[in-house]
Amino acid sequence: MRTIESSDFQRILDALVTRGYTLLGPVVRDSAIVIDEIRDMKDLPRNFGDHQEPSHYSLSQRNDGAYFGFAAGPVAWKKYLFPPRVTLFTAQRSGKGFSVTPGIDGWSPRKLAFVGIRACDLNAVAIQDRVFSAQEFVDPMYAAIRERVFTIAVHCTAPGETCFCTSMGAGPKADHGFDLAVTELAGEGRHIFVVEPGSAAGSEILEEAALRESTEEELHCAEDAVERSAASISKRMEIDGLPQILRENLEHPEWEAVAKRCLACANCTMVCPTCFCSAVEDSTDLEGTGAQRQRRWDSCFTMSFARVAGGNIRPSIRARYRQWLTHKLGNWVDQFGTMGCVGCGRCITWCPAGIDITDEVDVIRGNGVHV
Amino acid sequence: MEIENLGKILRQHPFLEGLPEHDLEVVIGCASSVRFTDGTYLMHEGDVANKFYLIRSGRIALETDLNARGTMRIQTVGPGEVLGWSWLISPFRWHFSAFAVSDVLAIALDGECLRRKCENDHDFGFDMLRRLAQVMERRLEATRMQLLDLYGTDAKVPS
Amino acid sequence: MIVEDTDAPAIVEEPPRALNDPMVVRPVNIRKVIWETDDTFTLNLDVGSLGDRFVFHPGQFNMLYVFGLGEAAISISSNAAQTRALSHTIHRVGVVTTGLAQLKRGDAIGLRGPFGTGWPLSAARGKDVCIVAGGIGLAPLRPVMYALLEERTAYERIILLYGARSPLDLLYRVELESWANENQVEVLVTVDRGDSSWKGYIGVVTNLFSYIKLDARATVAYVCGPETMMKYTIDELERRGLPEDQVYLSMERNMKCAVGFCGHCQFGPEFICKSGPVYALPRVRFLLDKREI
């Protein structure tokens, strides 16, 4: 473990830029902390914290100078690995036929550095890896982008009210899948990052940066900060045996009850870092001689999602909410070996109706809701 | 046809499966063997309903005349099945015409005869009704499925 | 002329998979268009551009692309042993299938596939096979019939129960007759409504069970058609004592990517494009009973 002064952290970012990486990290925009390209430490949300509750998100002021003193914002890293809109192929008419050019032809994806990715989101990336790279078909675009990603994880020290990563075994400490991981220690007269490598690429950057060894006290503080983080997370979801419970309760009256509140606005699926549903759109240009196929994000909450010839499989909101929850916490396990939820809390924060997935699970389990 | 033969044939027909011997005698008393050639009508819509047929072989189509839309056939009845229960329910009239689409061999049971026996012996009557109820239930289930027009292009699932 | 492929690979259980970039279509030309009924047509495709042969397992489907319009998941309905011939029988029912219906010989469409699982023919060896088809459901089952007849002696009785809307909606009438007459297949055909020229059965396809005697323990059933029809058929098969694991059905859902990425075809935990569309009844029984799954 190494220690670096916050004022020197830029060196690590510079080392990545030298290696051709585009830096991505949290920035403040439109009263939220989103993810976008950054060049500099100055672009990060220094002294910003956040306040999250069901259907509520607001930024707050910190005074300890922390760069990462907040929890998950509305944007997840899937925006870059699984972009909202990509062109899968273009086609051109010729005579009675046509020729096809794959979208991936001649496309060179950028090298991306994810600066400040949290444990929950790292787990979410691993979950999407299973969907797109580990099944019988591989998404070549996802694979190409993914292998060019460098991650600097941040162990959470300021989890939000809607976080429940501890219940999902997905945080607040990142324990694998990163190139570098840092714990930020700000306040009490110092501002340092305790850094650990998680891969050969990460080690290489650290060696180059020639950082000093962390002291016992620093290590202890870092551990402590993360432990306090975990302890401060009060929201819980009981996942033991949950897939089976969901399978046995597909007609539970709670589905009807939550459907009365749910607007099927699809916010939850957009902010969720693991949701992967997409739609394929085929179109032509105005002359009709050129065509393209695009893939765009889709949501099981939309009315057209389950349309079939002559009708619709899930016309009711009740069925669509049930589909989302039972997929994420039940069917996902059959499909991919893990649950599809990392406890980041975004769906709770960004639901305009304030629906809380952990409460819904409580009700289905028969525990009632802890108010 | 010999009574003995009739009895044998009736015993084998699925509709009367498990019917006690003494009840079978009752049925034989109302029964006669009949045959229809391909292309003839067994009954016409609106006729007085006085027969109940147990089909042995061949195929009969139930049809109705839809005026401008012509003749529509909505059901066939085949071997091992029964045709006609309007003999049991007032006003005792056929709701459909029955047309033989092949040569048909059947046992015809006289409706009035059966009705009298049902009224005289309620146990027998109940058994007959139970068997008919089963046939009607299956027929209703099947008809509902036909009504859903599942193969139709406009077969919409309500949404 | 269809060239018989004498060195075609034996039909194997492991279904062949589509190529590298699973979302990119390959152009193929239409060799022939045959109108089966007024709203159902068959496209015979020229497999030349696909590498001269197309290998699939009965029950699998392709995604057929109309330039700039979209794709539809269509079951393959040709003979799997004839790898130089490929055809799909299509019911014109939506935007893409209407687009396909307007194409002519020589026009090109895009193809991706084959996808999905096929009917497990090995389960039927030495047994009676009962094929129950409703409406367009006969199209994905035709390759099964071809495969069974390629090795007729490997199976005992072959029974086909087929229901269509009306006599005018019957598919493959010539083949139905030849199967009945030349190949020792018991073919029973029924329609939902007939006219005065129809002398066959009239009524739902499940009625046809009244006219055949099944040896339940020794029968494997393959069922395909509208979901409601399949459910009624399954009930009927159960009534007649067929063990659940001897019944197979073909499920359908909204299909977009066909490769397990888009999430649309989910049926409970199943991605119909990957673990289906053919399922042994025990695997999906529990889901069939639920509304809006």
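Residues numbered from 1 in each chain as written. Chains lettered and ligands numbered in written order. Predicted model: local features only at pLDDT ≥ 70, side-chain atom pairs only at ≥ 80, totals over all residues.

When you go through chain A residue by residue, the secondary structure sums to 13 helices and 16 strands. Taken over the C-alpha trace, chain A has a radius of gyration of 22 Å; the compact-globule value for 371 residues is 21 Å, and the two agree within 12%. Dimensions of chain A, computed from the C-alpha atoms along their principal axes, are close to 70 × 60 × 35 Å. The buried share among the 371 residues of chain A stands at 46%. Within chain A, contacts between residues at least 6 apart in sequence are counted, and of these 70% link residues at least 24 apart. (Helix = DSSP H or I, 4+ residues; strand = E, 2+ residues; numbered from the N terminus. Rg over C-alpha atoms; globule rule 2.2 N^0.38 Å. Buried ≥ 20, exposed ≤ 12 C-beta atoms within 10 Å, placed from the backbone. Contact = placed C-beta atoms within 7 Å.)

With that settled, the discussion passes to the interface of chain B and chain C. Counting residues at the interface gives 24 residues for chain B and 26 residues for chain C. Elements supplying a minimum of two residues to the side of chain B that touches chain C: strand E5 (71-77) and helix H4 (122-147) of chain B. The dominant element in the side of chain B that touches chain C, judged by the number of residues it contributes, is E5(B), at 6 residues. Class assignment for the residues of the side of chain B that touches chain C results in 10 nonpolar, 10 polar and 4 charged. (Nonpolar A, V, L, I, M, F, W, Y, C, P; charged D, E, K, R; others polar.)

Here the focus is the domain arrangement of chain C. Residue and element names in this part refer to chain C. With domains assigned, chain C is organised as domain 1 (26-115) and domain 2 (121-250). Computed from C-alpha atoms alone, the centre-to-centre distance between domain 1 and domain 2 is 24 Å. Taken together, the contact between domain 1 and domain 2 spans 14 residues of the former and 13 residues of the latter. Per-class residue counts for the side of domain 1 that touches domain 2 are 4 nonpolar, 9 polar and 1 charged. (Domains from an automatic or database assignment.)

Take the sheet that holds strand E5 (residues 85-91) of chain C next. Sheet strands associate in pairs through backbone hydrogen bonding, adopting either a parallel or an antiparallel arrangement. Residues and elements named next belong to chain C. Read across the open sheet, the 6 strands follow the order E4-E3-E6-E1-E2-E5; overall the sheet is antiparallel. In this open sheet, the two strands that pair with only one neighbour each are strand E4 (70-75) and E5. Averaged over all adjacent pairs, the angle separating strand axes in this sheet is 40 degrees, with direction ignored. Note: strand E3 (residues 61-66) against E4, 6 bridges, orientation antiparallel. Paired with Met-63 across the two strands is Ala-73, which belongs to E4. (Pairing = 2+ DSSP bridges. Axes fitted to C-alpha atoms, helices over the stretch in contact; angles between N-to-C directions.)

Turning our attention to the nonpolar core. In this structure, Ile60(B), Ile131(C), Ala221(C), Val223(C) and Tyr248(C) are the most contacted members of the largest nonpolar core, which totals 228 residues. The greatest single-element share of this core, amounting to 8 residues, is contributed by helix H3 (residues 119-133) of chain A. Apart from the residues within four sequence positions on either side, Val223(C) is in contact with Val132(C), Met230(C), Thr233(C), Ile234(C), Val247(C), Tyr248(C) and Leu249(C). (Core = buried A, V, L, I, M, F, W, Y, C linked by C-beta atoms within 7 Å.)

The next subject is the domain arrangement of chain A. All names here are of chain A. Domain annotation for chain A reports domain 1 (2-83 + 106-232) and domain 2 (242-279 + 297-365). The straight-line distance from the C-alpha centre of domain 1 to that of domain 2 is 27 Å. Every contact between the two is made by 28 residues of domain 1 and, on the other side, 24 residues of domain 2. When contributions to the side of domain 1 that touches domain 2 are tallied by element, the ones reaching two or more residues are strand E5 (56-61), H3 and helix H5 (165-168). With 8 residues, the top contributor of residues to the side of domain 1 that touches domain 2 is H3. Split into classes, the residues belonging to the side of domain 1 that touches domain 2 amount to 16 nonpolar, 9 polar and 3 charged.

Facing the 43 residues of chain A at the interface are 35 residues of chain C. Only strand E6 (85-94), strand E7 (97-102), strand E13 (278-284), strand E15 (307-308) and helix H11 (317-336) of chain A provide two or more residues apiece to the side of chain A that touches chain C. Broken down by element, the residue count for the side of chain A that touches chain C peaks at 6 residues, all from E13(A). Across the side of chain A that touches chain C, the residue classes tally to 23 nonpolar, 11 polar and 9 charged.

Residue and element names in this part refer to chain B. Contact geometry of helix H2 (residues 21-30) with helix H3 (residues 111-120) gives a least axis separation of 8 Å together with a crossing angle of 150 degrees. With respect to H3, the axis of H2 lies roughly antiparallel. For the pair H2 and H3, the sense of crossing is right-handed. Contacts between H2 and H3 involve Val-26, Gly-29 and Cys-30 from the first element and Cys-113, Leu-114 and Lys-117 from the second. Residues that form the contact of H2 with H3 fall into these classes: 4 nonpolar, 1 polar and 1 charged. (Parallel < 35°, antiparallel > 145°, perpendicular 65-115°, else oblique. Left-handed = near helix turned anticlockwise from the far one by under 90°.)

Before going further, it helps to examine the pairing of E5(C). Residues and elements named next belong to chain C. Most of E5 sits out of view: 7 of its 7 residues are buried. Burial of the side chains of E5 extends over both faces: Ala-85, Ser-87, Thr-89 and His-91 are buried on one face and Leu-86, His-88 and Ile-90 on the other. For strand E2 (residues 40-46) and E5, the ladder comprises 7 bridges, and the chain directions are antiparallel. From the neighbouring strand, Leu-43 faces E5, where its bridge partner is His-88.

It is worth spelling out the confidence of the model for chain C at this point. All names here are of chain C. Per-residue confidence for chain C averages 92 on the pLDDT scale, and 93% of its residues sit at or above 70. Every residue in residues 1-19 is under pLDDT 50, and counting partners more than four places away or in other chains gives 31 contacts. Interface predicted TM-score (ipTM) for the complex: 0.93; the corresponding pTM is 0.91. (pLDDT = per-residue confidence, 0-100.)

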